[in-house]
There are 2 protein chains.
Amino acid sequence: MSEADPLHIAFLLFPGVTQLDLTAPAQVLSRLGGARLDLVAKTRDPVPTDAQFPLLPTAAFADVPRTDILCVPGGFGTVAAMEDAETIAWLKQVGADARWVTSVCTGSLLLAAAGLLAGRRAACHWASRDQLAFFGVEPVAERVVFDGNRVTGGGVTAGIDFALALTAAIRGEAHARFVQLSLEYDPYPPFDSGTPDRADAATLERYHAMVAQHAPGRREKVKAIAEALK
Amino acid sequence: MSEADPLHIAFLLFPGVTQLDLTAPAQVLSRLGGARLDLVAKTRDPVPTDAQFPLLPTAAFADVPRTDILCVPGGFGTVAAMEDAETIAWLKQVGADARWVTSVCTGSLLLAAAGLLAGRRAACHWASRDQLAFFGVEPVAERVVFDGNRVTGGGVTAGIDFALALTAAIRGEAHARFVQLSLEYDPYPPFDSGTPDRADAATLERYHAMVAQHAPGRREKVKAIAEALK
């Protein structure tokens, strides 16, 4: 892979992250060629994820005062991260002059809370997408949304599509096609239940019940965070 | 999620693993409901992956003498893992009475080296698939292959399709559809270059050049491992 034009990629890592929001685009972007990748958290201690195993940061906030590509994942821990002053301060700092400011899933709510998406169009996990509007961000029901140097992906698995699109924007389509082949990305979902439009009523109901149980009052908390910023 | 029928899931973790081979199915299977998931390595020290960040084991081989679902990922570190007696011994031990013996990507070569796929049909990363035949395993060019309680996935991103199919086999299709919706798995690859049939000649050539550079003599090494087992 090319060693020309070395880039630094910083993934925010926070407790309760949906680890695939981070690990999927990290896999794709690790093949960008000549790029250095960090998982950045408040400290270098292991960070619990939603998947019963922790992720280990490669750097703390203080180690990464700037980056070329900022990527922010989401998950049930997003709201707590939005309420954490140190996390928001780091996002503001590195987001201010990053070449690319990006997110996957509800990571776009974190970017919004850091003031990095004002007036922009953005993607988000389908179940939280409308909450972008609390921050003056236009929610877009697409897998990948480009708005200038802001690039946002939809829920969880959209991180693969997002990262391939970003790879093409940075290194060209031929490189993205090479990475796609290397990852054998020829998806074949066994069912057709990946969006609320296509899931049946029982599946949708089950999803909403799970959120109500695991993250009660989530929407109201996000709204309150947005209100407090005004 | 259901707490009935608790299952233990063990992912093998080894140096040079393609981390998405593990983290993608781990995300899906962490939503199986009532299951406990471990990343199992020789020791509990951080394990380097192919993506510039390590993964942290949650258990060492000695801590996990048995499991319900064994899942083995692949990557450029696969050959070294196949040559590691301790790793193969653990796979033989837990694979002998696991309810499900599974793999993603070149993880099927590791299962084969542990004698767990003899006479079976199996999937593998497209570029290494034919090497299964060295071990008396029938290579199958599909995303997900079921053969009794052996379930194998194709290259890297096939781990999502694999894990949803396994979820359906264990918890039923309704649960798999719920997990698919939660992960917004409605893939939309920006390019059509995910298999050797569809990639253009230049992309294929580039892939083979990368393998020759990063893993010279890989195919011959796998063949030699298989010969030594006879």
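Within each chain, residues carry numbers counting from 1 in the order of the written sequence. Numbering of ligands from 1 and lettering of chains from A proceed in the order in which they are written. The predicted origin of the model limits local features to residues at a pLDDT of at least 70 and limits the giving and counting of side-chain atom pairs to 80 or more, whereas totals for whole chains, interfaces and linings rest on all residues. To obtain the side-chain values, all non-hydrogen atoms of the structure were included, while hydrogens and water were left out.

- Chain A goes by DJ-1/PfpI family protein in an unreviewed UniProt entry, where it is assigned to Sphingomonas canadensis.

## Brief notes about the packing of aromatic side chains
All names here are of chain A.
Working step 1: Ring geometry is summarised as follows: Phe, Tyr and Trp rings, the Trp one being its six-membered ring, pair when their centres sit within 6.5 Å, and such pairs are stacked at plane angles under 30 degrees, edge-to-face over 60 and tilted between the two. Counted by the stated rule, this structure contains four aromatic pairs over all chains.
Working step 2: With 4.9 Å between their ring centres and 45° between their planes, tryptophan 126 and tyrosine 207 make a pair best called tilted. Linking tryptophan 126 in the loop between strand S8 (121-122) and strand S9 (138-139) with tyrosine 207 in helix H7 (residues 201-214), this pair joins segments that are 81 residues apart in sequence. For the residue pair tryptophan 126 and tyrosine 207, the accessibility class agrees, reading buried in each case. In DSSP terms, a helix is any run of H or I states spanning at least four residues, a strand is any run of E spanning at least two, and both are numbered starting from the N terminus. Buried means the residue's accessible area, taken with a 1.4 Å probe over protein chains only, is under 20% of the maximum for its type, while exposed means over 50%, and partly exposed covers the values in between.

## Description of the packing of helix H1 (residues 19-29) of chain A against helix H5 (residues 158-171) of chain A
Between two packed helices, both the angle of their axes relative to each other and the distance between the axes serve to describe the pair.
Residue and element names in this part refer to chain A.
Working step 1: Orientation is described by axes fitted as lines to C-alpha atoms, over the contacting stretch for helices, and by angles from 0 to 180 degrees between their N-to-C directions. Relative to each other, H1 and H5 sit at 30°, their axes nearing to 8 Å. It follows from the interaxial angle that H1 and H5 lie roughly parallel. As H1 packs across H5, the resulting crossing turns out to be right-handed. Residue-level inspection shows Ala24, Pro25, Val28 and Leu29 of H1 in contact with H5, the latter providing Gly159, Ile160, Phe162, Ala163, Leu164, Leu166 and Thr167. Throughout this description, any angle smaller than 35 degrees is read as roughly parallel, any larger than 145 degrees as roughly antiparallel, any in the 65 to 115 degree range as roughly perpendicular, and the remainder as oblique. Each crossing gets its hand from how the near helix is turned against the far one by less than a right angle, where anticlockwise is left-handed and clockwise is right-handed. Contacts: residue pairs with any heavy atoms within 4.5 Å of one another.

## Concerning the environment of leucine 22 of chain B
Residue and element names in this part refer to chain B.
Working step 1: Along the chain, the position of leucine 22 falls in helix H1 (residues 19-29).
Working step 2: You can call leucine 22 buried: its relative accessible area is 0%.
Working step 3: The spatial distance from the C-alpha of leucine 22 to the C-alpha of leucine 12 is 8.3 Å, given a sequence separation of 10 residues.
Working step 4: In contact with leucine 22, other than residues within four places in its own chain, are Phe11, Leu12, Leu13, Leu39, Leu55 and Pro73.

## Some points on the relation of the copies chain B and chain A
Taken together, a rotation about one axis and a shift along it account for how the two chain copies relate.
Working step 1: Alignment of copies: least-squares fit on C-alpha atoms of residues with pLDDT of at least 70 in both copies. Once chain B is rotated about the relating axis by 180° and shifted along it by 0.0 Å, it coincides with chain A to within an RMSD of 0.0 Å. With respect to symmetry, the two chain copies, as superposed, fit the operation of a two-fold axis.
Working step 2: The fraction of interface residues of chain B whose copies in chain A are also interface residues reaches 100%, indicating that both copies meet through the same surface.

## Describing the confidence of the model for chain A
Do not read the predicted coordinates in detail wherever pLDDT is low.
Working step 1: Summary statistics for chain A give a mean pLDDT of 96 and a share of 98% for residues scoring 70 or more.
Working step 2: Here the prediction assigns the complex a pTM of 0.96, and the interface score ipTM is 0.96. For every residue, the predictor states its confidence as a pLDDT score lying anywhere from 0 to 100.

## What to know about the interface of chain B and chain A
Working step 1: Chain B puts 67 residues into the contact, and the matching count from chain A is 67 residues.
Working step 2: Here chain B meets chain A over a buried area of about 6,100 Å², counting both sides, of which 60% is carbon and sulfur.
Working step 3: Contact with chain A buries area across many residues of chain B, yet Leu181, Glu184 and Phe191 of chain B alone supply 14% of it, more than any other trio.
Working step 4: Counted as salt bridges are all cases of a side-chain nitrogen of Lys or Arg within 4 Å of a carboxyl oxygen of Asp or Glu. Summed over the shared surface of chain B and chain A, the result is six salt bridges.
Working step 5: In protein, a polar contact means a hydrogen-donor-capable atom and an acceptor-capable atom, both N or O and within 3.5 Å, with residues adjacent in sequence counting only if both atoms are side-chain atoms; elsewhere, any N or O pair within 3.5 Å suffices. One can count 45 residue pairs in polar contact (both at pLDDT 80 or more) joining chain B with chain A.
Working step 6: Among the elements of the structure, H1, strand S2 (35-41), strand S4 (54-55), helix H5 (158-171), helix H6 (173-182) and helix H7 (201-214) of chain B are those that each provide at least two residues to the side of chain B that touches chain A.
Working step 7: The element best represented in the side of chain B that touches chain A is H6 of chain B, accounting for nine residues.
Working step 8: Amino acid classes used here: Ala, Val, Leu, Ile, Met, Phe, Trp, Tyr, Cys and Pro are nonpolar; Asp, Glu, Lys and Arg are charged; the rest, including Gly, are polar. The residue inventory of the side of chain B that touches chain A, partitioned by class, reads 35 nonpolar, 18 polar and 14 charged. In this description, buried area is defined as the sum, over both parts, of the accessible area (probe of 1.4 Å) that is lost when the two are combined.

## Considerations on the sheet that holds strand S1 (residues 7-12) of chain B
Residue and element names in this part refer to chain B.
Working step 1: Whether two strands pair comes down to DSSP finding at least two bridges between them. Strand order in the open sheet made by the seven strands is S5-S2-S1-S6-S7-S11-S10, with mixed pairing throughout. Of all the strands in the sheet, just strand S5 (59-60) and strand S10 (144-147) have a single pairing partner and so form its edges.
Working step 2: Taken together, the six bridges between S1 and S2 define a ladder with parallel strand orientation. Looking across to S2, one finds that isoleucine 9 is bridged to leucine 37.
Working step 3: Across the sheet, H1 lies against S1 and S2, angled at about 170° from S1, the strand it touches most.
Working step 4: The sheet contacts of helix H3 (residues 85-97) involve S1, S2, strand S6 (69-72) and strand S7 (100-103), and relative to S6 the element is tilted by about 150°.

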